[in-house]
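Chain by chain, the residues:
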Amino acid sequence: MNNKKKLIIITSIIIIAIISSIFIIKNLQKKEDIPDEKKEVIKENIHPLMYEITKEGSNNKIYLFGSIHLADTNKLNFPEYIINAYNNSDYIACEFDIVEYQNNQEEALKMIQEMIYTDETTIKDHLEKNTYDKLVNFLKDRGMYSEIYDVYKPMFFQSLITTIMSNDTKLKANDGIDLYFLNKAKKDQKKILEIESSDYQTKLLSNLPDKLYDLMISDLIDNYDEEVNSLKELYNAWKTGNIEKIIEESNEELDIKSNYTQEEINIIKDYNKKLIDDRNITMTKKLEEYFNNNYHTFYMVGAAHLVSDKGIAHLLKEKGYIVKQIST
């Protein structure tokens, strides 16, 4: 798969996780995807990526768990090492509390307001004409287009397309790993820590340059089938804890053989840095904060943030922490 196309995946998954509660996207749930309660579900054994974080001179222990925002938790049998790590933790840390967000009408309204143009422009003024036409045709073909949508920013359309894509993979944000453990934590009355916030992620994504969204939306539509397969492959890599495959499928590096202009290359490099590298540094600092406060924490972030030489696991090793992968 061409690396320039992979830059779609991480953004797409994050956006889905943020706005999956908006009514337009909720209506994409197909009736045939609703599980039959009478039908027995055969669960699959999985081995997701998790690290135990310790440090000499400290009795604290943090479990660094690689999550994925799109899944089908009804069909997953979580291994004992994951369940034990969760049970032995007093806190659960997440990128942001999706459950709280979904139940908070004020937050949902803020999200919608953030995605709507208020300067009398429309999406037509912010995308190239050929990209806009491609977008309209894509949505029309799926019975999802309305002129009313033109007041929305590219972030909305990126999410809408990717939600359609996730629907075709049979993976859903509402069956994601984050939601599963957050709901479990609320039931078990564990304390929930937000590493970032819904507001932070929304502002980060809504302020990306129009040119970047133009490239991503166009590329996502042009390579739709390939992107659907990539999401499936990423999910399979997550289930098996395949570090090399996770890196491969979530690789944000630009293919230098691409036909992008220098301006486009610079925009994408800046995007990569803000979305992945900078956030990895911030997430590592947050984990250190919890560690130093002696919070026994089940620290849950997207698996792509854990791996590679710029991932959280590597950054912690550089800071002197003992990082041990747990698989049994």
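Residues numbered from 1 in each chain as written. Predicted model: local features only at pLDDT ≥ 70, side-chain atom pairs only at ≥ 80, totals over all residues. Heavy atoms only, no water.

Attention shifts here to the overall build of the chain. Counting its regular elements, the chain contains 14 helices and 8 strands. Counting only residues that meet the buried cut, the chain has 55% of its 328 residues in that class. Sequence-distant contacts in the chain: of pairs separated by 6 or more residues, those separated by 24 or more amount to 85%. Accessible surface for the chain amounts to roughly 15600 Å². Of this, 45% is attributable to carbon and sulfur atoms. (Helix = DSSP H or I, 4+ residues; strand = E, 2+ residues; numbered from the N terminus. Buried < 20%, exposed > 50% of the residue type's maximum accessible area, 1.4 Å probe, protein only. Contact = heavy atoms within 4.5 Å. Areas by Shrake-Rupley, 256 points an atom, 1.4 Å probe, with all protein chains shown as cover.)

Let us look at the packing of helix H10 (residues 210–222) against helix H13 (residues 262–292). Between H10 and H13, the shortest axis-to-axis distance is 10 Å and the interhelical angle comes to 95°. Our classification of the angle between H10 and H13 gives roughly perpendicular. On the side of H10, the interface is formed by Lys211, Leu212, Leu215 and Met216, while H13 contributes Glu264, Ile267, Ile268 and Tyr271. (Axes fitted to C-alpha atoms, helices over the stretch in contact; angles between N-to-C directions. Parallel < 35°, antiparallel > 145°, perpendicular 65-115°, else oblique.)

Right, let's talk about the sheet that holds strand S6 (residues 191–194) for a bit. The strand order S6-S5-S7-S3-S2-S8 describes an open sheet built from 6 strands, whose pairing is mixed. Edge strands, defined here as strands with exactly one partner in the open sheet, are S6 and strand S8 (322–325). Geometrically, the sheet is characterised by an average inter-axis angle of 25° between neighbouring strands, direction not taken into account. The pairing of strand S2 (residues 50–54) with strand S3 (residues 62–67) spans 4 bridges and is classified as antiparallel. Bridge pairing in S3 links Tyr51 to Leu64. The sheet contacts of helix H8 (residues 177–187) involve S3, strand S5 (91–94), S6 and strand S7 (297–302), and relative to S7 the element is tilted by about 155°. (Pairing = 2+ DSSP bridges.)

Per-chain confidence: the chain averages 85 in pLDDT, with 86% of residues scoring 70 or above. Low pLDDT (under 50) marks residues 1–13, which in the prediction has 55 contacts with non-local residues, meaning those over four places away or in another chain. Note on residues 252–257: pLDDT under 50 across the span, and 14 contacts to partners over four residues away in sequence or across chains. (pLDDT = per-residue confidence, 0-100.)

Right, let's talk about helix H3 (residues 80–87) for a bit. Of all the residues in H3, the buried ones are Tyr81, Ile82, Ala85 and Tyr86. The arc that holds every buried residue of H3, seen down its axis, measures 135°, which confines them to one face. (Arc of directions from axis to C-beta.)

Attention shifts here to the packing of aromatic side chains. Considering all chains together, one arrives at 18 aromatic pairs under this definition. Taking 5.7 Å as the distance between ring centres and 45° as the angle between the ring planes, the aromatic pair formed by Tyr86 and Phe181 counts as tilted. Of this pair, Tyr86 sits in helix H3 while Phe181 sits in helix H8, and the two are 95 residues apart along the sequence. Each member of the pair, Tyr86 as well as Phe181, carries the same accessibility label: buried. (Phe/Tyr/Trp six-rings, centres within 6.5 Å; stacked < 30°, edge-to-face > 60°.)

Residues of S5 alternate between two faces, with Tyr91 and Ala93 on one and Ile92 and Cys94 on the opposite face, all of them buried. As defined by bridge partners, S5 adjoins S6 across 4 bridges and the pair is classed as parallel. The residue bridging Ile92 from the neighbouring strand is Ile192, located in S6. Pairing geometry for S5 and S7, over 3 bridges, is parallel. If you follow Tyr91 over to S7, its bridge partner there is Thr297.

Under the definition given, this model contains 18 salt bridges. Bridged by salt links that share partners, the residues Glu95, Glu196 and Arg279 form one connected network. (Salt bridge = Lys/Arg side-chain N within 4 Å of Asp/Glu carboxyl O.)

Once that is clear, we can look at unusual backbone geometry. Its identity as a non-glycine residue notwithstanding, Asn294 has a phi of 65°, on the positive side. The backbone of Ser308 sits at a positive phi, close to 80°, despite the residue not being glycine. Along the chain, the position of Ser308 falls in the loop between S7 and helix H14 (312–318).

One turn of the α-helix equals 3.6 residues, which is why residues spaced by three or four share an orientation. Taking 1.5 Å per residue as the helical rise, H13 with its 31 residues ought to reach 45 Å, and the 43 Å between its terminal C-alpha atoms agrees with that figure. Approximately 35° is the largest bend angle found in H13, and it occurs at Lys273. Just past H13, the residue Asn294 takes up positive phi, approximately 65°. (Expected span 1.5 Å × (residues − 1). Bend = angle between axes of the 7 residues up to and from the residue.)

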